[in-house]
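Each chain, letter by letter, is given below.
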Amino acid sequence: MLETPLHDWHIVNGARMVDFAGWHMPIQYGSIVDEHQAVRKQAGLFDISHMGRLMFNGPDTVKFLDHILTNHVARLSAGQVRYSLVCNESGGILDDVLVYRFNEDYMLVVNGANREKIVAWIEKHSEGFDFEMRDDTANTEMVALQGPKSLEILQPHTPCDLAAMNYYTVAKTTVFGFECLLSRTGYTGEDGFEIIVRNEDGIALWEQLLDAGKGSLSVCGLGCRDTLRLEAAMPLYGHEMDESVDPITAGLKFGVKLYKENFIGKEALVELSQRTDLPVRVGIELEGKRIAREGSTLFVGDVEVGEVCSGTFSPTFEKPIAMGYVPKEHAGVGTSLLVDIRGKRHPGQVVELPFYKRS
């Protein structure tokens, strides 16, 4: 398995380690619920170095990125970050990504499990475009500081005016004197920042962040990152989306700009956007304490209508929640559903997404 620059630190500090998309990653240090609540109420620090970091430059960089991405890269200003998708010719999602613009340079952050696939896709479609791509994943560390106290913890240690940074912006700056890429982004539903530094600065940055946040900052594993993103209704590749799911069905049309010039998958997505019979991604609350896991079948009465993509017990609301796909006629808020959990059907209902939205 691949290891991040913080791998040995995690083991020494008691993390429970698992195989996560081919990386040996910390799933938790103590209680997932405690780590989850720390992020909701104060702040949490995550190692997310398994995410792929691909750097681009050259005269055709924008033209190429607009060719493979669904969002409009040419409209990005320096310092902006945008959510986008990489689709195949039929509109199926190869990955969901963040695209960052600096000045003349651009970066894609891709899901760790999809990095090799996306690199191969880029190489396959690069003919005729004059640009260079550099995979910086192995040379850098990426950490996420998330939660309502993130700004308070970080601001004394960077010259960047964090309060002036809008959500989904990025800056080249320093933190604790270490040169870094600092973005106001995250995957928890909370305010926060993501920091990319060179490997040689990684452990020092991590330990100084923990020291700066002592008393209000908890080290967190990827277990609570999943419960946090699910409460915020953020889709996860391999669950809510894959190559069999298109962005329109997945509820991600905001990341698709059908008006821009041709891009891979555009023709299929234009056609899909005009259909009225596509399934809908919905939120589900269940009665009782049983958790609906991925693949649990959804029923209306005795009729099977869909299945669960992700499910957990929500630490914030203290009840089971899930996301799944159902036909449009069963997607209305308040619709009663039955969820098959290990052969028994448990009552639930469709609720508005996201489950959680910070004030």
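The text that follows walks through the structure, step by step, so that each part is easy to find. (Residues numbered from 1 in each chain as written. Predicted model: local features only at pLDDT ≥ 70, side-chain atom pairs only at ≥ 80, totals over all residues. Heavy atoms only, no water.)

### Quick notes on the sheet that holds strand β6 (residues 93–101)
Thought 1: One open sheet accounts for five strands, arranged β5-β6-β7-β4-β8; its pairing is antiparallel. The open sheet is flanked by β5 (81–87) and β8 (132–135), the only strands paired with a single partner. Across the sheet, the mean angle separating the axes of adjacent strands is 30° when strand polarity is ignored.
Thought 2: Taken together, the four bridges between β6 and strand β7 (residues 106–110) define a ladder with antiparallel strand orientation. Within β7, the residue paired with Val99 across the bridge is Leu108. (Pairing = 2+ DSSP bridges. Helix = DSSP H or I, 4+ residues; strand = E, 2+ residues; numbered from the N terminus. Axes fitted to C-alpha atoms, helices over the stretch in contact; angles between N-to-C directions.)

### Considerations on the pattern of salt bridges
Two side chains that carry opposite charge are able to pair once their charged atoms sit near each other.
Thought 1: What the rule picks out here adds up to 15 salt bridges.
Thought 2: Among the salt bridges present, the one from Lys214 reaches Asp211, with a minimum N-O distance of 3.2 Å.
Thought 3: Residues Asp277 and Arg275 are paired through a salt bridge, measuring 2.9 Å at the closest nitrogen-oxygen approach.
Thought 4: According to the relative accessible area criterion, Arg275 is partly exposed, its value standing at 41%.
Thought 5: Salt bridges here are not isolated pairs; linked through shared partners, they connect Arg40, Glu190 and Glu231. (Salt bridge = Lys/Arg side-chain N within 4 Å of Asp/Glu carboxyl O. Buried < 20%, exposed > 50% of the residue type's maximum accessible area, 1.4 Å probe, protein only.)

### Observations regarding the packing of aromatic side chains
Thought 1: Per the counting criterion, the structure on display carries seven aromatic pairs.
Thought 2: Where Trp9 meets Tyr29, the ring centres are 6.4 Å apart and the plane angle is 65°; that geometry is what we call edge-to-face. Placement of the pair is Trp9 in helix α1 (residues 7–12) and Tyr29 in the loop between β2 (23–28) and α2 (32–41), with a sequence separation of 20 residues. Like Trp9, the residue Tyr29 is buried in the burial classification.
Thought 3: Aromatic side chains Tyr167 and Tyr168 sit 4.9 Å apart centroid to centroid with 50° between the ring planes, which places their arrangement in the tilted category.
Thought 4: A relative accessible area of 37% means that Tyr167 is categorised as partly exposed. (Phe/Tyr/Trp six-rings, centres within 6.5 Å; stacked < 30°, edge-to-face > 60°.)

### Concerning α2
Thought 1: Residues Glu35, His36, Gln37, Ala38, Val39 and Arg40 constitute the buried set of α2.
Thought 2: The secondary structure elements touched by the buried residues of α2 are β2, β3 (43–47), β9 (140–146), β13 (217–219) and α7 (222–231). (Contact = heavy atoms within 4.5 Å.)

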